[in-house]
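Next come the chains, spelled out residue by residue.
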Amino acid sequence: MNGQTDPRMFTSIHTKIGKNKRISTIYRKYENENFTSWRWETIVWDGDKIIDMAETGDINQVLEKHIEFFGKYS
């Protein structure tokens, strides 16, 4: 997968906020010809629309981001 984002995503954590909103975290591989990196990507969804997102480096940061987004969007 030279110069592309690996399409394999592994859903790790979901948090529902009301009827339409949810927080999802995936562990995703990014790579190009110069590097390969795995990062946690946390996305806030409103239905099928992304309304916020953040990348983090470890599971503790993921949990902190879920708490932050939950407070912001609930």
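Note that the structure is a prediction, hence the values are computed from the model and not measured.

Peer 1: What's the story with the overall build of the protein chain in this structure? I'm lost.
Peer 2: When helices and strands are counted, the protein chain shows 1 helix and 4 strands. Going from N to C terminus, the protein chain has its helices and strands arranged as β-β-β-β-α. Across the 74 residues in the protein chain, those meeting the buried criterion constitute 32%. Carbon together with sulfur atoms contributes 49% to the accessible area of the protein chain, which is approximately 5000 Å² in total.

Peer 1: Help me out: how do you make sense of the packing of aromatic side chains in this one?
Peer 2: For any two aromatic rings, the description comes down to two numbers: the centre-to-centre distance and the angle of the planes. Counted according to the given criterion, the structure contains 3 aromatic pairs. Summarising the aromatic geometry, the rings of Tyr27 and Trp38 are spaced 5.3 Å apart at their centres and angled 20° between planes, so their arrangement reads as stacked. Here Tyr27, found in strand S2 (residues 21-31), pairs with Trp38, found in strand S3 (residues 36-46); they are 11 residues apart in sequence, far enough to count as distant. Under the relative-accessibility criterion, Tyr27 is labelled partly exposed at 30%. Classification of Trp38 by relative accessible area gives partly exposed; the value is 33%.

Reading the values: rules and limits
Residues numbered from 1 in each chain as written. Predicted model: local features only at pLDDT ≥ 70, side-chain atom pairs only at ≥ 80, totals over all residues. Heavy atoms only, no water. Helix = DSSP H or I, 4+ residues; strand = E, 2+ residues; numbered from the N terminus. Buried < 20%, exposed > 50% of the residue type's maximum accessible area, 1.4 Å probe, protein only. Areas by Shrake-Rupley, 256 points an atom, 1.4 Å probe, with all protein chains shown as cover. Phe/Tyr/Trp six-rings, centres within 6.5 Å; stacked < 30°, edge-to-face > 60°.

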